[in-house]
Amino acid sequence: MDLNELSKKISDQTAKIAVIGLGYVGLPLAASLADAGFSVLGLDIKQDRVASINSGGNPIKGEEPGLDELLNRTISAKKLRATSDYQDLQDRDVVFVNVETPVDDNHQPGYRALRAVLHSLGPVLKKGALVIIESTISPGTMQNVVLPDLEKSTGGKLNRNFYLGNCPERVMPGKLLVNIQTMQRVIGGADEQTALTMQKLYRQFVKADLDLTDWITAELVKTVENAYRDVQIAFANEVALACEELGADAWKVRELVNKTPARNVHKPGAGVGGHCIPKDPWLLASSLAGKRELVLIPAARAINDSMPLHAAALLEKGLKQFGKEIKDARILILGFAYLENSDDDRNSPSAQLVEVLKQKNASYSVHDPFIETYQGNVYEMAEGCDALVLMTAHDMYRDLDLVKLKKAMRTPLIIDGRHVFDDLQGSNGFKIISLGKG
C-alpha cells in the first residue's frame, strides 16, 4: 500500500486505525476517530482499562463533557474496541502512538514506553502503514530515536515499508473532546505527501487549522508552547511572592496590569502539575545539550517547582499566629489532582506538599472528590484539624459551608493556594492566608 491508496481509504473511511495508549489523549482520540466512521482498535497494556472500555465504561473519572456518551455510542456501534495484544494490529493502515514521555531526576527524557511500543509494533506493522507519533517528544527524537527504532523493529525502510509523521497532542483534562475537535494542530511529515495524507485524516474530526511542516518544527512548536506557558506562570508566581513581601494583592495587580492592551499576566498558584508543563521545558532544554545552556526556562522551572514549598511556608506562618507548631498540627489538604475537576494527579503539586509535611513530621490527610483514594466526607475529614490547605480549585470547594467547616475544625485557618477563598477573608471567623496577598 502506498500513500495514494491510503489517502483514498481515508477519504472513504475504510482505513483501519489503531491507537496505542488509551489514556487522557489516546482514548478520546480513538473515540473521535470511531465516531468519524473509522474502524478503530485501541491498545493499552492495562488489562483493567481495556476491560472497562470494552464494557462501555470510561476509565477517566474527572468531568469530561461528552466522553461517556461518545464511548458508549462508538462501542455499541462496534466501531471501537480495545485490546492488549499487538498481534491484533496486523491489519491496521494507520497507527497513532500516545504514550507518556517523562523526564528523569536529571531532567533527561525517558523514552522507555515509546521505545517499547516501537519494539512491539514493528514486527506486526502492515507494510505501507502510516505511523503517527502524538506523544510530546524532545526536538530531534523523530530523527534520532523513532525512525531508527522503527526501521530496526520492522526490518524495513522509511517510505518503502512504512510512512512516518508526528502531530503533538494538544489536550487538557476537562476539555479533552473539545480540544481534540477545535484546537489547531501542527502536522509533521517525513515529506510533503506524508503530511498531506495525515492532514486528510485529521480533517475527518478536527475543525481547526491543520498546519503542515516537518518533524523538527512540529517537535519544537509543542515544547516551545509549554515552555512559554511555564515561563509566564513563573512570572506570575514571582510577582505574587513580591506582593506578599510588599503587603500588596497580586490578584488586584494582575487585574489592573491586564487592563492594558496586549498584557496577559497569568494566574499565580501553589504549583504547576500535569504531564506537560513540568516536563516539556526540559524536553526542549535536553535537545540543546552540549550546544547551548538555557537560562530563563530552567529558572522558570525552579520558581514553579518551589511553589508547593511556599504553600508549606504559609502554613507554618499561619499556625504560628495561633501559637501552634506544624509538628503538633493536623492538616487537611484539599485537592490532589493537578487540575480542577479532574482526576489527573500526574506531577501533582499536592504530592510535593505531602513530602514536605512528612519531613516536618506533620499529621495530614488528603481529600479529592475525583480520586478514589482520597474521596470522603470533607467535613468529617476536617474534624479536629488545625488548617486546610487548598491546592486544587475543584468546584466543590468553592461551595463549602464555612460555618459547618469551622465547627468541625480545632483551629479556623485556611491556606488558599488557588484564589478560591480570597473574597471570604475573615468570614465566619476564619483566618485565610492567600498566596499572593501580603
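Residues numbered from 1 in each chain as written. Predicted model: local features only at pLDDT ≥ 70, side-chain atom pairs only at ≥ 80, totals over all residues. Heavy atoms only, no water.

Caption draft 1: Fine view of the overall build of the protein chain. The secondary structure content of the protein chain amounts to 16 helices and 13 strands. Here the C-alpha atoms of the protein chain give a radius of gyration of 24 Å, agreeing with the 22 Å that 2.2 N^0.38 yields for 438 residues. Here the C-alpha coordinates of the protein chain stretch approximately 75 × 50 × 40 Å along the principal axes. Residues classed as buried in the protein chain amount to 54% of the 438 residues present. Put simply, of all contacts in the protein chain between residues at least 6 apart along the chain, 74% involve residues at least 24 apart. Total accessible area computed for the protein chain in this model is approximately 19,200 Å², and 49% of it derives from carbon and sulfur atoms. Computed over 51 positive and 56 negative side-chain charges, the separation of the two mean positions in the protein chain equals 1 Å. (Helix = DSSP H or I, 4+ residues; strand = E, 2+ residues; numbered from the N terminus. Rg over C-alpha atoms; globule rule 2.2 N^0.38 Å. Buried < 20%, exposed > 50% of the residue type's maximum accessible area, 1.4 Å probe, protein only. Contact = heavy atoms within 4.5 Å. Areas by Shrake-Rupley, 256 points an atom, 1.4 Å probe, with all protein chains shown as cover. Lys, Arg positive; Asp, Glu negative; His and termini not counted. Charge placed at Lys NZ, Arg CZ, Asp CG, Glu CD.)

Caption draft 2: Representation of the packing of aromatic side chains in the model. Taken as a whole, this structure holds 3 aromatic pairs when the rule is applied. Judged by centre distance (5.8 Å) and plane angle (85°), the rings of Phe 96 and Tyr 202 are edge-to-face. A residue pair is termed long-range when its members are at least 10 positions apart, and Phe 96 in strand E4 (residues 94-97) and Tyr 202 in helix H8 (residues 192-202) qualify at 106 residues. Residue Phe 96 is classed as buried on the basis of its relative accessible area of 0%. Take Tyr 202: its relative accessible area is 0%, and that puts it in the buried class. Aromatic ring contacts, followed pair by pair, group Phe 96, Tyr 202 and Phe 205 into a single cluster. Directly above the ring of Tyr 379 sits Lys 404, whose terminal nitrogen or CZ lies 4.5 Å from the centroid. (Phe/Tyr/Trp six-rings, centres within 6.5 Å; stacked < 30°, edge-to-face > 60°. Lys NZ or Arg CZ within 6 Å of the ring centre and 35° of its normal.)

Caption draft 3: Structural context of unusual backbone geometry. Phi is positive for His 107, close to 65°, though the residue is something other than glycine. Structurally, the position occupied by His 107 is in the loop between E4 and helix H5 (112-121). A residue is classified by how much of its surface remains accessible, and His 107, at 31% relative accessible area, is partly exposed. Although it is not a glycine, Ala 262 adopts a positive phi angle of roughly 70°. Of the residues examined, Ala 262 reaches a relative accessible area of 80% and is grouped as exposed.

Caption draft 4: Examining the pairing of strand E12 (residues 413-416) more closely. Side chains Leu 413 and Ile 415 of E12 all project onto a buried face; the interleaved residues Ile 414 and Asp 416 project onto the opposite face, where all are buried too. Judged from the 3 bridges that link them, strand E11 (residues 387-390) and E12 form a sheet pairing that is parallel. Bridge pairing links Leu 390 to Asp 416 in E12. Pairing geometry for E12 and strand E13 (residues 431-434), over 4 bridges, is parallel. (Pairing = 2+ DSSP bridges.)

Caption draft 5: Summary view of the nonpolar core. Counting residues in hydrophobic clusters, the biggest one holds 46 residues, and the most contacted among them are Ile 17, Leu 33, Phe 96 and Tyr 202. When residues no more than four places from it in sequence are discounted, the contact partners of Tyr 202 are Phe 96, Ile 132, Glu 134, Cys 167, Arg 185, Ile 187 and Leu 210. Core analysis: the next-biggest nonpolar cluster, separate from the first, contains 30 residues, Ala 240, Ala 270, Met 307 and Ala 362 among them. (Core = buried A, V, L, I, M, F, W, Y, C linked by side-chain atoms within 4.5 Å.)

Caption draft 6: How the structure looks around the pattern of salt bridges. If you walk through the whole model with that rule in mind, you get 24 salt bridges. The salt bridge involving Lys 16 is made with Asp 91; its shortest N-O contact spans 3.2 Å. One end of the pair, Lys 16, is in strand E1 (residues 16-20); the other, Asp 91, is in the loop between strand E3 (80-83) and E4, with 75 residues separating them in the sequence. A salt bridge links Asp 386 to Arg 410, with the nearest nitrogen and oxygen atoms 2.5 Å apart. Here Asp 386, found in the loop between helix H14 (378-381) and E11, pairs with Arg 410, found in the loop between helix H16 (402-408) and E12; they are 24 residues apart in sequence, far enough to count as distant. Exposure remark for Arg 410: the relative accessible area of 48% places this residue in the partly exposed category. A cluster of three or more residues bridged by salt bridges with shared partners is formed by Lys 9, Asp 93 and Lys 126. (Salt bridge = Lys/Arg side-chain N within 4 Å of Asp/Glu carboxyl O.)

Caption draft 7: Representation of the sheet that holds E12 within the structure. The strand order across the open sheet built from 5 strands is E10-E9-E11-E12-E13, with neighbouring strands paired in parallel fashion. Edge positions in the open sheet fall to strand E10 (363-367) and E13, since each of these has one partner strand only. Strand-to-strand twist across the sheet, computed as the mean angle between neighbouring axes with direction ignored, equals 20°. Note: strand E9 (residues 330-334) against E11, 4 bridges, orientation parallel. Its bridge partner lying in E11, Ile 331 is registered against Ala 387. Here helix H12 (residues 296-321) sits on the sheet in contact with E9, E11, E12 and E13, set at roughly 160° to E12. (Axes fitted to C-alpha atoms, helices over the stretch in contact; angles between N-to-C directions.)

Caption draft 8: Just the environment of Gly 140, in detail. Note on placement: Gly 140 falls in the loop between strand E5 (129-133) and helix H6 (141-154). Along the sequence, Gly 140 and Asp 104 sit 36 residues apart, while their C-alpha atoms lie 18 Å from each other. Filtering out sequence-adjacent residues up to four positions away, Gly 140 remains in contact with Val 145, Ile 216 and Glu 219.

Caption draft 9: Inspection of the sheet that holds E1 at higher detail. Spatially, 8 strands are ordered E3-E2-E1-E4-E5-E6-E7-E8 in an open sheet, and the strand pairing comes out mixed. Both edges of this open sheet fall to E3 and strand E8 (210-213), since each of them pairs with a single strand only. Neighbouring strand axes in the sheet, compared pairwise and without regard to direction, differ in orientation by 25° on average. Relative to E4, E1 runs parallel, the two sharing 4 bridges. Note that in E4 the partner of Val 19 across the bridge is Phe 96.

Caption draft 10: Main features of the environment of Leu 390. Mapped onto the fold, Leu 390 is located in strand E11. Given a relative accessible area of 0%, Leu 390 falls into the buried group. With 280 residues separating them in the primary sequence, Leu 390 and Gly 110 have C-alpha atoms 32 Å apart.

Keep in mind that these numbers describe shape and distance, not what the molecule does.
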